[in-house]
Amino acid sequence: MLTALPLLALLAGAAAPPAATPAERAWESLDRAIEQGIRDRVYPGAVVLVGRHDTVLYAKGFGRVSWAPRAARPNPSTTLWDLASLTKVVATMSTAMVLADRGLLDLEAPVHRYLPTFVGNGREGITVRMLLDHTSGLRAWAPFWQISHSRDELVSLLMAEPPSRLPGEGPGYSDLNAMLLGLVIAQVAGEPLDLVATREVFGPLGMTATGFGVPDGLLRRTAPSRVERGRVIAGSVNDENARVLEGVAGHAGLFATGEDLARFAQAWLSYGAAANGRWVSEATLRQFLHRSPGAGSRALGWNTRDSGRTMFGTLGSEEVVGHTGYTGTSLLIDPVDDLFVVFLTNRTLGTARRSLDRILDVRAAVSDAARRGARLSRRT
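Residues numbered from 1 in each chain as written. Predicted model: local features only at pLDDT ≥ 70, side-chain atom pairs only at ≥ 80, totals over all residues. Heavy atoms only, no water.

(A) How the structure looks around the confidence of the model for the chain. Averaged over every residue, the pLDDT of the chain is 93; residues scoring 70 or more account for 94%. This model gives residues 1-12 a pLDDT under 50, and the stretch forms zero contacts once residues within four places in sequence are excluded. (pLDDT = per-residue confidence, 0-100. Contact = heavy atoms within 4.5 Å.)

(B) The arrangement of the nonpolar core in detail. Among the nonpolar cores identified, the biggest contains 80 residues, and Val 90, Leu 261, Phe 264, Trp 268, Trp 279 and Trp 302 are the most heavily contacted of them. Residue contributions to this core peak at eight residues, all from helix α3 (residues 87-101). Ignoring any residue separated from it by four or fewer positions in sequence, one finds Leu 261 in contact with Leu 83, Leu 86, Val 90, Met 207, Ala 256, Val 342 and Leu 344. Listed in part, the 29 residues of the second largest apolar core include Val 50, Tyr 58, Val 320 and Val 362. (Core = buried A, V, L, I, M, F, W, Y, C linked by side-chain atoms within 4.5 Å. Buried < 20%, exposed > 50% of the residue type's maximum accessible area, 1.4 Å probe, protein only. Helix = DSSP H or I, 4+ residues; strand = E, 2+ residues; numbered from the N terminus.)

(C) Representation of the sheet that holds strand β11 (residues 321-325). Spatial ordering of the open sheet is given by β2-β1-β13-β12-β11-β10, a layout of six strands whose pairing is antiparallel. The open sheet has two edge strands with one neighbour each: β2 (56-63) and β10 (303-304). For strand β1 (residues 45-51) and strand β13 (residues 339-345), the ladder comprises six bridges, and the chain directions are antiparallel. When the bridges of β13 are listed, Val 47 appears paired with Leu 344. Of the strands in this sheet, β1, β2, β11, β12 (329-334) and β13 touch helix α11 (residues 355-377), which is tilted by about 145° from β13. (Pairing = 2+ DSSP bridges. Axes fitted to C-alpha atoms, helices over the stretch in contact; angles between N-to-C directions.)

(D) Layout of the sheet that holds strand β7 (residues 254-256). An order of β3-β7-β4 is seen for the three strands of this open sheet, with the pairing classed as antiparallel. The open sheet has two edge strands with one neighbour each: β3 (81-82) and β4 (211-212).

(E) Here's a closer look at the packing of aromatic side chains. Applying the stated criterion across every chain yields a total of five aromatic pairs. Here Tyr 43 and Phe 343 contribute two aromatic rings whose centre-to-centre distance is 6.2 Å and whose plane-to-plane angle is 85°, an arrangement assigned as edge-to-face. Of this pair, Tyr 43 sits in the loop between α2 (22-39) and β1 while Phe 343 sits in strand β13; the two residues are 300 residues apart in sequence, bridging distant segments of the chain. Tyr 43 gets classed as buried once you look at its relative accessible area, which sits at 0%. Summarising the aromatic geometry, the rings of Trp 268 and Trp 302 are spaced 5.3 Å apart at their centres and angled 90° between planes, so their arrangement reads as edge-to-face. Of this pair, Trp 268 sits in helix α9 (residues 258-269) while Trp 302 sits in the loop between α10 (282-289) and β10, and the two are 34 residues apart along the sequence. Of the two residues examined, Trp 268 and Trp 302, each falls in the buried class. In this structure an aromatic cluster arises from ring pairing among Phe 264, Trp 268, Trp 279 and Trp 302. Taking NZ or CZ as reference, Arg 41 lies 3.9 Å from the ring centre of Trp 67, over its face. When the ring centre of Tyr 326 is taken as origin, the NZ or CZ atom of Arg 347, which lies over that ring, is 4.7 Å away. (Phe/Tyr/Trp six-rings, centres within 6.5 Å; stacked < 30°, edge-to-face > 60°. Lys NZ or Arg CZ within 6 Å of the ring centre and 35° of its normal.)

Pasting the structure below:
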């Protein structure tokens, strides 16, 4: 004879789970976009952090730091990533901004005021501002590493590099701009870029895990970014010129966690205010967020949404800025919507064809989903 107990248990077990909230569905959409990138083998792992000037709304790790079956899952707080060209804004541009704020660096000065050998063949017309907004006329990239065997040799080649078009004529993204700016900063401060950036940016903003290169003791928590002779390499920058420059360069070489980049983004959303006091004046910071005249879609160091198919998705405000890195990293900051999105991957370990194009689609999807999640979270 059947009793009522099994029937009650059956009914209890069949109860429908609570429906996901709109914000939860937005975060699930973000997850799916990132996970699809892993399934498509664009990258083996990733972290994402989304937040406002005063809080982190969402932080999560995905996949593994390499394709090895037992590799660790990335952690937003502890995994270190090769930032590649995010170095340009997180270290080099931001340090230049602090020096300019203090009156130590003149953005309108010619570069040769600080680097006297940078003269001839039109180089005299290149200003510090042009290095920041990419209107110097210098070519996008140069394989200096192929013919230089030391830092001094590479710097000499950089000093002799002529502009390929008239300085100030228009924007053209170039690694060489950031390489030169790193040398300008070192000259102004009287010490190497890594020490200046640590003192003026990473330290004041509480970015305790951020730095050029990775100490041996932290290699196990570093996501690899390159393969050399069949061996996966972690902690060594994925840029040949930066390696000749001993890992400290204005365009590449920085390693950081997602959590540290969230702190960096929050300082920008707070217009220069930091936990330990004001980091930089609001007026100076706003200057760096605005586009330069004649620089197209470029602000000072930052890119903006009007640059074609980009990381910004379809929902960003007119004032959103951001930057990407070759290794698969990106950072988005939107002062109007009080939003940041940190999305870090090691795309350079991916095996998908056209991974640079495919990660653009992932970034755009992540940006839109993050924005929806943040907006809906405001209503709860």
